[in-house]
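Examining the three-dimensional arrangement
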Amino acid sequence: MATVSSRVLHIILNMFILFIINPSFILADNDEFSVGDFDFNLFHGDYTPPSPPPPASPPHPPSLSCEEDLGGNGSVDTICVLNSSLNFAEDVYIEGIGSLHILSGVIFSCPVAGCSILVNISGEFVMGVNSSIVAGTLSVTAQNASLNNGSIINVTAFAGAPPAQTSGTPSGVQGSGGGHGGRGASCVTDNTKLPEDVWGGDAYSWSTLDEPRSYGSKGGTTSKEEDYGGGGGGRIEFDVGGAIAVCGSLMADGGDGGVKGGGGSAGSIYIKAPRMTGSGRISAAGGNGFAGGGGGRVSINVFSSRGRSFGCPENSGAAGTYYDAVPRRLIVSNHNLSTDTDTLLLEFPNQPLWTNVYVQNHAKASVPLLWSRVQVQGQLHLSCGAVLSFGLAHYASSEFELMAEELLMSDSVIKIYGALRMSVKVHLMWNSKMLISGGGDSLVATSLLEASNLVVLKESSVIHSNANLGVHGQGLLNLSGPGNLIEAQRLILLLFYSINVGPGSILRGPLENASDNDMAPRLYCERQDCPMELLHPPEDCNVNSSLPFTLQICRVEDIMVEGLIEGSVVHFHSVRTVVVHRSGVISASGLGCTGGVGRGKVFSNGLGGGGGHGGNGGDGYCDGSYIDGGVAYGDADLPCELGSGSGNVSLPGATAGGGIIVMGSLEHSLSSLYVDGSLRSDGQNFGENIKNGDDRIVSNMGSGGGSGGTILLFVHTLAFVNSSRISAAGGHGSPNGGGGGGGGRVHFHWSDIPIGDEYLPIASVEGSIYTRGGFSRGQGRSGENGTVTGKACPKGLYGIFCKLIAGTIHHLVSEPFADLYIRECPIGTFKNVTGSDEALCYSCPAYELPRRATYIAVRGGAAERPCPYKCISDRYHMPHCYTALEELIYTFGGPWLFGLILLGLLILLALVLSVARMKYVSADELPALVPPLRSSRIANSFPFLESLNEVLETNRTEESQNHVHRMYFNGPNTFSEPWHLPHFPPEQVIEIVYEDAFTKFVDEINGLAAYQWWEGSVYSILCILAYPLSWSWLQQRRKKKLQRLREFVRSEYNHACLRSCRSRALYEGLKVYLFTKNFF
C-alpha cells in the first residue's frame, strides 16, 4: 500500500511541477485559434487509452550558420537574409530563434531524391518574389510564414523511399502508375477481370491522411533494360504558430514517365496553422505517363488530383485525398478525368467523426474491407460522375454499414458487393444509381436502407438489388418521375408516412430480367391451399425470405400511384389509403407460375392447353386431337392462388399465369381504395416477352395461354371511376392451336358494412372488371371465365358486387354497372339472412300490411318482419292505420262488444241526464281570482301566464298587477284544438328569459294542455247520444287541464327559463291565472 501511495504522490507532484514550468498546458493564449491547445476535458465522451508516443525524430545534421554556411547576411538568431542562390547535395538543417528571409529570385535547392531541407526557427519564414526551393523534403517550423507571388516550393519527383511494407511501386514491365493516396492506373487488359480489378501501384498511408508525411512511389517501366518510370512526389510540411500566406506554389506532384513509363504518385503536403490566406497553388497530382500515377495526400484547404494515362486515356490514376483538419472534412476529387482505378477508403474514425465526405468529379472510391462502417457526422456527398464501391465484385460476401445525416447523390453510383445497412435521415438521388449485389450468399442476402425523414429519386435514379431489399423510413418516399426505379428480387417498403410513385416510375419485385446468379424468390406454385401469411401477415413487416411476398408495402398511411408497381405477389399491409391515378398500374400480369396446379397438358411436340385457375383452361388442338387444358382450382370466396402456366417449362415458349395482388388483410382492411388506373393480374399470352438464347421471338411452338391470377381486396370503401380497370383475364394461346388460359379470380372482402340507419354506400363502381378466359387464336378452345366474388352481404342488403351469383357476371363487364353496388332489398321485401343473391330478399306477407298502409324504404334495407310501412294519410294512426273512432272501437273489443257497452252507458246516462247536467254546471263554475279590469282585453280573455321581474310579498291581486307581461293561451280549448302558447318569447320578456329554456318550457306546457285521444272519443260519442253530457264532459276536462297547468307551474317546474336567480330559487317567477268570462 505504501508503494502504491508513493507512486500516486509522485505522479501528482510531477503534474504539479509541469503546470508550474509550462502554464500554457492549462491556459490557452487569447489567439483566435490554437491548434496546439491541450485538451484536459477528460470527462467528455467515451474514454480511450492514450496513443503511444510518436517515434523519435531521426537525427539531423548540425545547424548551418547564416553567413558562413549559407552565404547570407545576419544570423538565424536574429534575421538571416539569403541574397544568393545555393545548391546542396545532402540534407540541410537550419535552426535558430530568429527569422529566415529568402530574397527575390534566389534558388535554394538540393536536387537529390530524398534530400531534406529542415527549417526550425522561432520567427518568420519569408520567400521573396520568384524565389524557389527544390528538394525531396521541405519541413518548416516557424511563427509565421509568407510565400510571395511567383515563389515555388517544388518537391516533384524527388521522393525518397516510400514507407516499408507498402506496394506503391508497381512490379513488372506494364508501365503502370505508382500509388499513394490513390492507386496507380494500369493499361493492362485482362478479360477475366473487371476494369476496377486491375491497377498499378497500391494505395497506402490511409491512417495518416490527416497528417500526411509519406513519399510518393515511383512509376513502373515498359522496359527491362531501363527504368522509365516517373519518380514519386516528395514532402512539404509547414508547422506555423501564427499565420501563413500562400501566394506562390507548393508542388508535390509525381514525376512524368512519358510514353514508356508509368507516372509516379504524388507525395504529401501538410500545413498546420491557425490562419491561412493567399491565392497560391497547392498541388499533389500524380505524374503523367503510359499509365497515370495516383494522387497524393493533402491536409488543409486545398485539392488533390491524379496523372493522365497516355496508354489508356480513359483510365487515369486514382484521385488522392484532401483532408481539411479544422472542419474534419475529406474530399476525393479526380478533376473530371475518367478512371477505372480506385481510391481506397479504409477505416473511418469513430471519435471524433468526420463531418462530411465528398467524392466528386469522376473519382472512384472503394471500401474494400470484409466488414466496415462508414460513419460521418454530416453529409456523404457523391457528385459529377463519382463512384463509391463497398466490397469486392468477385467476393460479394461482405457486410457494410453506412451512417450519416444525409446521403446526397448527383450523377453518381454506389456499388455494394454484399449487404448494406444504411441509416440516414435524408437520401436524395439525382440521375444516380445504387447497385446492390448479394452474390447468392444467403448470409448477406438482405440489405436495409433506412432514411427516417425523406427519400427522393429524380431524373432516372435507380436502387437495384439482386437479393432482398428493405427500404424504410418515417417520412416520404417519392419517385418523382420517368425512369426512377426501385427493384429487388424481394422488395419491402415499410413505415413511411406516404409513398408517391410518380408517372413513369417503377417499384418492382422480383427483377424483370434476373440472371441465374440472382436469388430468385420461391413461389408456392404446387400448393392448393392458401399461405396464411397472405391473409394474416406478420405485424413486424421484416424482410423475411421465407414469406411468400415478392413486393410488400407495409404500415404506410397513404400511397399514390401514377407509375407502375409490379411483382409476383404484391401485398399492401396495414395501409390506410391507396389512390391509383389514371396513369397508374399495379400489376402481377405474367408473373405467376410457369407450371402450377392448373398447368395445361402438353403434346409431345410442345403444343398444349391453356392454364386453369378461376375457370378451366382451353383445350389445345393438333392434327384433329384435343389435349386438356388445366383444371380450375382455389376458393372463389377467399382466393389467394397464383395463376398457372402452359407448355414445357424447360423450353422457351412456356407461358406463366398471373400473380397475386392483395390489398389489406383480415385484420387490417384498407380504409379507402380509389382506382382511376388499373389493377392487373392477367395470364401471359403466348409469344409475349418470350425469347430464346438468340433473342429471337419464339413462334414455332404451341403452348397455351397462362391463366389469370388473383386480385384480393380487403377494403372498407371503394371507388372505381370510368377509366378504371380490374383484370384477371386468361392469356391467349398460340396461333398453332394452343388453348386459351382460364380466367382468374377477383374478390372483394368488405369490412364493417354498416347496416340499418347507419348504412352508407361503400362502393362506387363505374369502371371495368375482366375475368374472361383467353382466346386460342387457332383451332384450340378458349379458356373458361373466372370469378368475381365478394363477402356475403349482411341482413337487409344484397348485390352482385357484394357477392357474385353464378352466371350473373361472366367474362366481361365493360359498361358502368350501378346494379353491382351493395344495395338495399326492394320495397316490400325483407332479407334476414347473410348472402348476396337478390332471391334472398323475400316478399313481405300481405296479411301483415294494414288496409290503409303502404310499404316504405328504410336505410340499410328491411332485415326483419314485419316490413316497414306507413299509413297513407295523417288521418290514420299507427300501427293499424285506424281513425280515432276506430281505435276507440277496437280498444273495447271491436264493433259488437263496443256497441253493447255503449248501449248500457246510454241507458244509465239517460236516467240521470237532468240531474247530472245541473251538477256538472254548478261544479264547473269557478270564482274569479282576479277582478276584471275595465276597458281591458283581460275581461274577455282566456287563461294567461304571467312572468314577474321579481317576487314580492303581496296578495294574489297585487301579485297579478306587478307583472312584466301576460302571455295568453291560444286556441278554443277543444279536444281537437287545445290551448297552446307561442314558442318564441315576446319582446317584453326576451331580456329576462333564456330562449332555449323558454322554448322547452313552452313545449312542456303545450304537452300538458293537449288532450288524450280517448277524451276526444268520449266527447264525440256523447255529442251524438247525449249532448248535455258532452258539454259537461268538456267543462270537466277543461277544469282538470287548468288545475294541472297551475300545479305544474307552481310546484313541478323549476323556472329554469328565467334569468333571475331569486325567481328560480323561490319558484315564484311564473303564475297561471284565469278570468272566467267566456271560459265555460
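In this report, we go over the structure that sits alongside the text. Here the structure is a predicted model, which means the values were calculated and not measured.

1. Some words on the overall build of the chain
Counting its regular elements, the chain contains 10 helices and 64 strands. Here the chain, with 1080 residues, has 51% of them falling under the buried criterion. A fraction of 62% describes how many contacts in the chain between residues 6 or more apart in sequence connect residues 24 or more apart. Accessible area of the chain: about 48,900 Å², with a carbon and sulfur share of 53%.

2. Details of the pattern of salt bridges
Going through the model one piece at a time under the given rule, you end up with 20 salt bridges. Two residues, E211 and R213, come together in a salt bridge whose shortest N-O distance is 3.4 Å. A relative accessible area of 35% means that E211 is categorised as partly exposed. Owing to a relative accessible area of 39%, R213 belongs among the partly exposed residues under this scheme.

3. Overview of the packing of aromatic side chains
Under the criterion given, the structure shown has 17 aromatic pairs. Seen in terms of ring centroids, Y621 and Y626 are 5.0 Å apart; in terms of plane orientation they differ by 55°. Their pairing is tilted. Taken together, W206, Y323, F348 and W354 form an aromatic cluster joined through their ring pairs. Its end group placed over the ring of F775, R772 keeps NZ or CZ at 5.8 Å from the ring centre. The ring of Y1011 is capped by K1041, whose NZ or CZ atom sits 5.4 Å from the centre of that ring.

4. Some thoughts on the side chain of R508
Tracing the backbone shows R508 in strand β37 (residues 506-509). For R508, the side chain forms a polar contact with the side chain of E487, separated by 3.2 Å. Here the side chain of R508 touches E566 through a polar contact of 2.9 Å, side chain to side chain. Ignoring anything within four residues of it in the chain, the contact list for R508 reads L485, I486, E487, A488, L491, L551 and E566.

5. With respect to the state of the cysteines
Cysteine pairs can be linked by a disulfide, which is a covalent bond between their two sulfur atoms. All chains considered together, the criterion is met by 6 disulfides. Sulfur-sulfur distance for the disulfide between C525 and C593 comes to 2.0 Å. Judged by the sign of its S-S torsion, about -95°, the cystine formed by C525 and C593 is left-handed. Residue C525 is found in the loop between β37 and α2 (532-535), and its partner C593 is found in the loop between β43 (585-587) and β44 (620-622); the two are separated by 68 residues along the sequence. Judged by its relative accessible area of 18%, C525 falls in the buried class. For C593, a relative accessible area of 1% corresponds to the buried category.

6. Quick notes on the sheet that holds strand β18 (residues 281-283)
Reading across from one edge, β3-β6-β9-β12-β15-β18 is the order of the 6 strands in this open sheet, with parallel pairing throughout. For this open sheet the edge positions go to β3 (86-87) and β18, each flanked by a neighbour on one side alone. Pairing of strand β9 (residues 132-134) with strand β12 (residues 152-154), which is carried by 3 bridges, proceeds in the parallel orientation. Within β12, the residue paired with I133 across the bridge is I153.

7. Some points on the nonpolar core
One finds M434 and I586 to be the most contacted residues of the largest nonpolar core, which totals 84 residues. Of all the elements, strand β30 (residues 413-430) adds the most residues to this core, at 6 residues. Discounting residues that sit within four places of it in the chain, M434 has contacts with L407, M409, I414, I416, L420, M422, H427, M429, L449, V462, I463 and H464. Counting residues in each nonpolar core, the second largest holds 45 residues, with C80, V106, I117 and I300 among its members.

8. Observations concerning the pairing of strand β20 (residues 321-324)
Neither face of β20 is exposed, since T321 and Y323 on one face and Y322 and D324 on the opposite face are all buried. Strand direction decides the pairing type here: strand β19 (residues 297-299) and β20, joined by 3 bridges, are parallel. If you follow R297 over to β20, its bridge partner there is T321. Once β20 ends, the chain turns through 4 residues before running back antiparallel as strand β21 (residues 329-333), passing R328 with a positive phi of about 55°.

9. Things to note about unusual backbone geometry
Here the bond from G509 into P510 is cis, since omega is 10°, no more than 30 degrees from zero. For P510, the position within the fold is in the loop between β37 and α2. A cis amide bond links M878 to the next residue, P879, at an omega of 10°. Along the chain, P879 falls in the loop between β61 (869-871) and α3 (884-891). Positive phi, normally seen in glycine, also occurs at H362, with a value near 65°.

Cut-off values and rules
- Residues numbered from 1 in each chain as written.
- Predicted model: local features only at pLDDT ≥ 70, side-chain atom pairs only at ≥ 80, totals over all residues.
- Heavy atoms only, no water.
- Helix = DSSP H or I, 4+ residues; strand = E, 2+ residues; numbered from the N terminus.
- Buried < 20%, exposed > 50% of the residue type's maximum accessible area, 1.4 Å probe, protein only.
- Contact = heavy atoms within 4.5 Å.
- Areas by Shrake-Rupley, 256 points an atom, 1.4 Å probe, with all protein chains shown as cover.
- Salt bridge = Lys/Arg side-chain N within 4 Å of Asp/Glu carboxyl O.
- Phe/Tyr/Trp six-rings, centres within 6.5 Å; stacked < 30°, edge-to-face > 60°.
- Lys NZ or Arg CZ within 6 Å of the ring centre and 35° of its normal.
- Polar contact = N/O pair within 3.5 Å; in protein donor to acceptor, adjacent residues only side chain to side chain.
- Disulfide = S-S within 2.5 Å.
- Pairing = 2+ DSSP bridges.
- Core = buried A, V, L, I, M, F, W, Y, C linked by side-chain atoms within 4.5 Å.

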